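# Residue-level structure breakdown
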Amino acid sequence: MPENATGPDPRTATCPTGYVALLRQVRCGSGLTYREISRRARETGKTLPPSTLANMLGRNTLPRAELVVTFLTACGTPPEQVASWVDVRRRIAEDGAAATATAAPARPSTVHPPSVAGRARVRRWRPALAIGTVALLAIVVLAWRGLDSELASAHDGRPPAGTAVRSPSPGAPAVPAPGYYLVRAAHSSLCLTERVGTDDRQLFQSDCARAFPPRALRPTGAGHRFETLHPEFGPGCMGVVAASRDVGGVVQDGFCGTGLAEEFRLEPVTTPASGFRIHAVHSGLCVGVVDGSTEDWAPVRQVACDLSTPGQIFTFDTAPAPSPAASGG
């Protein structure tokens, strides 16, 4: 970003999510990669590793003020504008603290012992209270059993009792067991991958021999998570950037723990090919290759689910777990 550029106005942010979204705009407007920003930070005597920067911009929580200053300075933001960013961050943090304090329950008032007449009324209520307590406990037990059944079914691939789901077609493939896989687009036979040497971690399809980084399938309460092990950025998860619910939302590998945008449901299908549709739990949309392209390095995005559109069915080829040396361990 040129020294005299203004960039996005931080005063338009009203919450942590909006604030971080504007920081991402600064990064995009600067034209700098994570590594270049890290290098420029070191030149000013500050430390901002690419992994820390990716974590800061990949979450929807307020980053520390010193990280914001280091990042903006490395991107070429003028000092007076950096000060404005810090002021807005403080205001959002204070608003959040005030909202939390307002939502806190009030302290109970002092309770005085009941009078003799009051104790008599209490005794008359005790049988009814006991019956009500037993009934409440019964409801809690039944609810807990239902929840336990729901959690168990979520982990063994069965839907919760009473859930209306579309039955898989006869002959549909079984959901893969947890483990490492090459995730292959059925229409092109190319695999999900990042570009080696870049730090935006967006997903494309390419020759499966170049699939990177190692990708593992893990069950969660809502479906499955695709975990990655990057030699530079460490453990991560596939997800939809900023938890977008829009068609065209960018799918990338980032840090784990940002919410349901990292959870996906696998739907077995047999037409137009045998495999799985990958539904983003938070949006209900599908993961797919843009325009059903068969070209090398075609981007992978969040798309409207449509079995008649190529590029939305994937297969899972078993892959070896990464060695400690390959993962930087």
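Look up a bit, the structure's there.
Scope of this entry: the structure provided in the associated data block. Chains are numbered independently. Their residues run from 1 in the order of the written sequence. Residues qualify for local features only when their pLDDT is at least 70, as the model is predicted, and side-chain atom pairs are given and counted only at 80 or more; totals for whole chains, interfaces and linings, by contrast, use all residues. Note that water and hydrogens are dropped before the side-chain values are worked out from all heavy atoms of the structure.

This part is about the environment of V247. The way it works is that DSSP assigns letters per residue, a run of H or I at least four long becomes a helix, a run of E at least two long becomes a strand, and they are numbered from the N terminus. Relative to the assigned elements, V247 resides in the loop between β6 (234–240) and β7 (251–254). Separated by 58 residues in the primary sequence, V247 and C305 have C-alpha atoms spaced 9.7 Å apart. Throughout, a contact is declared for two residues whenever any of their heavy atoms are within 4.5 Å. The contact partners of V247, leaving out residues within four places of it in the chain, are L285, Q302, V303 and A304.

Between the rings of Phe, Tyr and Trp (Trp by its six-membered ring), a pair exists once the centres lie within 6.5 Å; its type follows the angle of the planes, with under 30 degrees stacked, over 60 edge-to-face, and the other angles tilted. Within the structure shown, the criterion is met by 6 aromatic pairs. Measuring from ring centre to ring centre gives 6.0 Å for F204 and W297, while their planes differ by 75 degrees; the resulting arrangement is edge-to-face. In this pair, F204 sits in strand β3 (residues 204–206) while W297 sits in the loop between β10 (286–289) and β11 (298–303), placing the two residues 93 residues apart along the sequence. Residue classification places F204 among the buried positions, given a relative accessible area of 12%. Throughout this description, buried means an accessible area under 20% of the type-specific maximum (1.4 Å probe, protein chains only), exposed means over 50%, and partly exposed covers the range between. Exposure remark for W297: the relative accessible area of 22% places this residue in the partly exposed category. Ring centres of F276 and F316 lie 5.7 Å apart, and the angle between their planes is 80 degrees; on these two criteria the pair is classed as edge-to-face.

On to the side chain of E194, then. Mapped onto the fold, E194 is located in the loop between β2 (191–193) and β3. In this structure E194 comes out as buried when scored by relative accessible area, which is 0%. Counting of polar contacts relies on pairs of N or O atoms within 3.5 Å, with two restrictions inside protein: one atom must be capable of donating a hydrogen and the other of accepting it, and residues adjacent in sequence are counted only when both atoms are side-chain atoms. At 3.0 Å, the side chain of E194 forms a polar contact with the side chain of R201. Excluding residues within four positions of it along the chain, E194 makes contact with R201, Q202, L203, F212, P213, H230, D253 and W297.

Moving on, we come to unusual backbone geometry. For the peptide bond that leads from F212 to P213, omega is -10 degrees, which places it in the cis range. Backbone torsion omega between T271 and P272 reads 0 degrees, so that peptide bond is classified as cis. Position of P272 among the secondary structure elements: in the loop between β8 (264–269) and β9 (275–280). At D291, a position not held by glycine, the phi torsion is positive, near 60 degrees. Structurally, the position occupied by D291 is in the loop between β10 and β11.

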